[in-house]
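# Structural overview for review
Spelled out from the first residue to the last, the chains are:
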Amino acid sequence: MTIASLVMQWALILVITLSSWLYFRRRLVNSTLNNLPGPPCQSFWKGNLDQFFNRHASEFHKEVTQNYGAIVKMQGIFGKPMLYVYDPKALHTIVVKQQDIFEKAESTVRLVTLLFGPGVLATLGETHRAQRKMLNPAFSINHMRDMLPIFYNIVHKLRDAIATRVSDGPQEVDMLGWMGRTALELIGQGGLGYSFDPLVEDKADAYGEAIKAIIPALITIHVFRELLPYIGWIGPAWFRRRVVEVFPNKQVQKLKSIVDTMATRSVEIFEAKKAALDQGDEVLAQQVGEGKDIMSLLIRANRASSLEDKLPEDQLIAQMSSLIFAGMDTTSNALSRTLHILAQRPDVQERLRDEIIEAGHGDNISYDELVSLPYLDAVCRETLRLDPTAPLPTRQPNKDVVLPLSEPIRGIDGKMMSEILVPKGTMVIPGVLGSNINKTFWGEDALEWKPERWLFPLPSAVTDAPIPGVYSPLMTFFGGSRSCIGFKFSQLEMKVVLSVFLSNFTFELTEKPIEWNVATVRYPTVGKESNVSQMPLKVGLLKRVRD
Ligand code: HEM
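Residues numbered from 1 in each chain as written. Predicted model: local features only at pLDDT ≥ 70, side-chain atom pairs only at ≥ 80, totals over all residues. Heavy atoms only, no water.

### Remarks on the coordination of the iron atom of the ligand
So the rule is basically this: Metal coordination here is assigned from N, O and S atoms located within 2.8 Å of the ion, or within 3.2 Å for Na, K and Ca; omission of water means that sites may look incomplete. Helix and strand assignments come from DSSP, with helices taken as H or I runs of at least 4 residues and strands as E runs of at least 2, each series counted from the N terminus.
Of all protein atoms, Cys484 (SG) alone acts as a donor to the iron atom of the ligand, lying 2.3 Å away. Topologically, Cys484 is positioned in the loop between strand 10 (474-479) and helix 24 (487-502).

Shown next as structure tokens:
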């Protein structure tokens, strides 16, 4: 036996002994959590992690949300307890009341800071509050109204691009690809006052491509990714940079180049924007976004604010990549899911088309009318209820904390519990899907896609429950001070795209099976095994408009 294999054997024995000790210690110390019901785990090492954070986990998520009550215990690495919570009072505590305790995990914050800088996705506490205060007015209804013409302009280009491709008869079109390009252009023009993609020819923009490449790049460096957040602890910035520069791994170098591109391009766009603002309204009106984009508003608001409210420039610049990253895949996948359902349900597609055409052929329907079309709103809400696009937010209490429950629950030992002590560092998953499909509130048909439910008053059990979602009563856009800042922006995008599309095109399924995968942002593939995110639909020109 060589020395190397001897060392390996001893290392293995050490790891097994240590992990067994950790496992049994956790089982004894966290007795309250261990008394909670939950699914059995598949692996001694990884607990339920692979079952839950797996792209094919849809069925497991249903099991977790339906079979164990509103607070479910699962296990993470080496038996570390992990909670899935959709009891409304407990959710309210996590998301609103004690949100300073239930923060994002430190490792997540470090990783997001490395990628985008100190923007709204990465900061905590007072810095985060100050950024939200400055950003909120740019996402107000009044500002959404101003942005509507920009949205129509982009979506009409999209309509023309697709119309050219299907002019000779219905064709298979990858609608996810087009929704991705459109969402990037909408957040580009509406958010940054910058055009990534004129939607005319297939021309890639380096900044847009860099942001699209982040998730695939992070997946390929799975192991190093765990180390990335800790790079921040090693020595001064120049040293850390040098370590990354000489790191002998192609994928790490790719991520470095992505981060560099985002950093360089966001600074260039920011400087150009400041220069245009300095030259006054006339110059600004000639720019993409006409000076009405979110970044122009933010720079103006920052200049006008008092010294103590002013944000440093690096924080303003960091908002740019943060907003594009947060706003692009989410809306494009939500729109794709809606189109997929409409292709499965021609009856709903027809009824929705009638409502839209009656309101004005999807060509520049006014803001007030568009946002209040009842069936369009019902279709969007029902899709986002049953298929929340970002179903996996996680939190980690930064100290031991008591989680009160709306209803007492029975522990495994038969005793009733009306609150749970959650130890510092426990991974807590606020149950976005669990809350949206809770049969106690929504009724026995909670798992069915029924847009009609939104055309009547919702059950009082739903409206009376303290569900803390900003898109009430749904948790899809989260809640509290870390709720999705872009939810009105995203709703407007969805409604503009759907109104223009349904008054111009028909959508049908193809022979290819579409599978929806679980991820930070859910995405479709053709079949279960494919790694390529796409969603082919058969798209045709709508005859009754064209004839
Ligand atoms: C269907 C579309 C969308 C869905 C389902 C969605 C969902 C969410 C969720 C669940 C969170 C909370 C995540 C967490 O804290 O762990 C969030 C945060 C956020 N979203 Fe969205 N989002 C969507 C579209 C957008 C758009 C279009 C934008 C930008 C224009 C945007 C910007 C943000 C930002 C900046 C945050 C971080 C807020 C903070 O931490 O203060 N989102 N979103």
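Structure's up, so let's keep going.
### Focus: the packing of aromatic side chains
Basically, it comes down to this: The rule is short: rings of Phe, Tyr and Trp, with Trp giving its six-membered ring, pair when the centres are within 6.5 Å, and they are stacked under 30 degrees, edge-to-face over 60, tilted in between. The cut-offs for exposure are 20% and 50% of the maximum accessible area for each residue type, with area from a 1.4 Å probe on protein chains only; residues under the lower value are buried, those over the upper are exposed, and the others partly exposed. The rule is short: NZ of Lys or CZ of Arg within 6 Å of the ring centre and within 35 degrees of the ring normal puts a charge over the ring.
A full pass over the atoms with the stated rule returns 18 aromatic pairs. Seen from their ring centres, Phe196 and Tyr207 are 5.6 Å apart, and the 45° between their planes marks the pair as tilted. Residue Phe196 is found in the loop between helix 9 (175-192) and helix 10 (206-212), and its partner Tyr207 is found in helix 10; the two are separated by 11 residues along the sequence. When its relative accessible area of 0% is taken as the criterion, Tyr207 is described as buried. Centroid distance Phe501 to Phe505: 5.7 Å. Interplanar angle 90°. Geometry classified as edge-to-face. Like Phe501, the residue Phe505 is buried in the burial classification. Pairwise contacts between aromatic rings join Phe52, Phe53, Phe60, Tyr84 and Tyr86 into one cluster. One residue, Arg351, lies across the ring of Tyr375, its end atom 4.1 Å from the ring centre. For the cation-ring pair, Arg385 lies above Trp442, with the distance from its terminal atom to the ring centre recorded as 5.2 Å.

### Digging into the site of the ligand
As a reminder, the rule being used: Residue proximity to a molecule or strand is established when one non-hydrogen atom of the residue lies within 4 Å of it. Between N or O atoms, a polar contact is any pair within 3.5 Å; within protein, one atom must be a potential hydrogen donor and the other a potential acceptor, and residues adjacent in sequence are included only when both atoms are from side chains. The nonpolar class holds Ala, Val, Leu, Ile, Met, Phe, Trp, Tyr, Cys and Pro. Asp, Glu, Lys and Arg form the charged class, and all remaining residues, Gly among them, are polar. Marked domain ranges trace back to an automatic or database domain assignment.
What surrounds the ligand is a group of 29 residues, the closest being His128, Arg132, Arg395, Arg482 and Cys484. Contacts to the ligand include Arg132, whose side-chain N or O atom sits 2.8 Å from an oxygen atom. Contact distances for the ligand include 2.7 Å between an oxygen atom and a side-chain N or O atom of Arg395. Elements with a contribution of two residues or more to the shell around the ligand: helix 7 (125-135), helix 17 (313-344), strand 10 and helix 24. The residue makeup of the shell around the ligand, split by class, is 14 nonpolar, 10 polar and five charged. Two domains each donate at least three residues to the shell around the ligand, and these are domain 1 (3-105 + 390-480) and domain 2 (131-351 + 361-389 + 481-546).

### Comments concerning the sheet that holds strand 4 (residues 171-174)
The following threshold applies: Only strands that DSSP links by at least two bridges are regarded as paired with each other. Axis geometry follows a simple rule: fit a line to the C-alpha atoms, using only the stretch in contact for helices, then measure angles between N-to-C directions, giving values from 0 to 180 degrees.
The three strands are arranged 4-14-11 in an open sheet whose pairing can be described as antiparallel. If you trace the sheet from one side to the other, it starts and ends with strand 4 and strand 11 (505-508), each paired once. Ignoring strand direction, the axes of neighbouring strands in this sheet form an average angle of 45°. Taken together, the four bridges between strand 11 and strand 14 (residues 536-541) define a ladder with antiparallel strand orientation. Paired with Thr506 across the bridge in strand 14 is Gly540.

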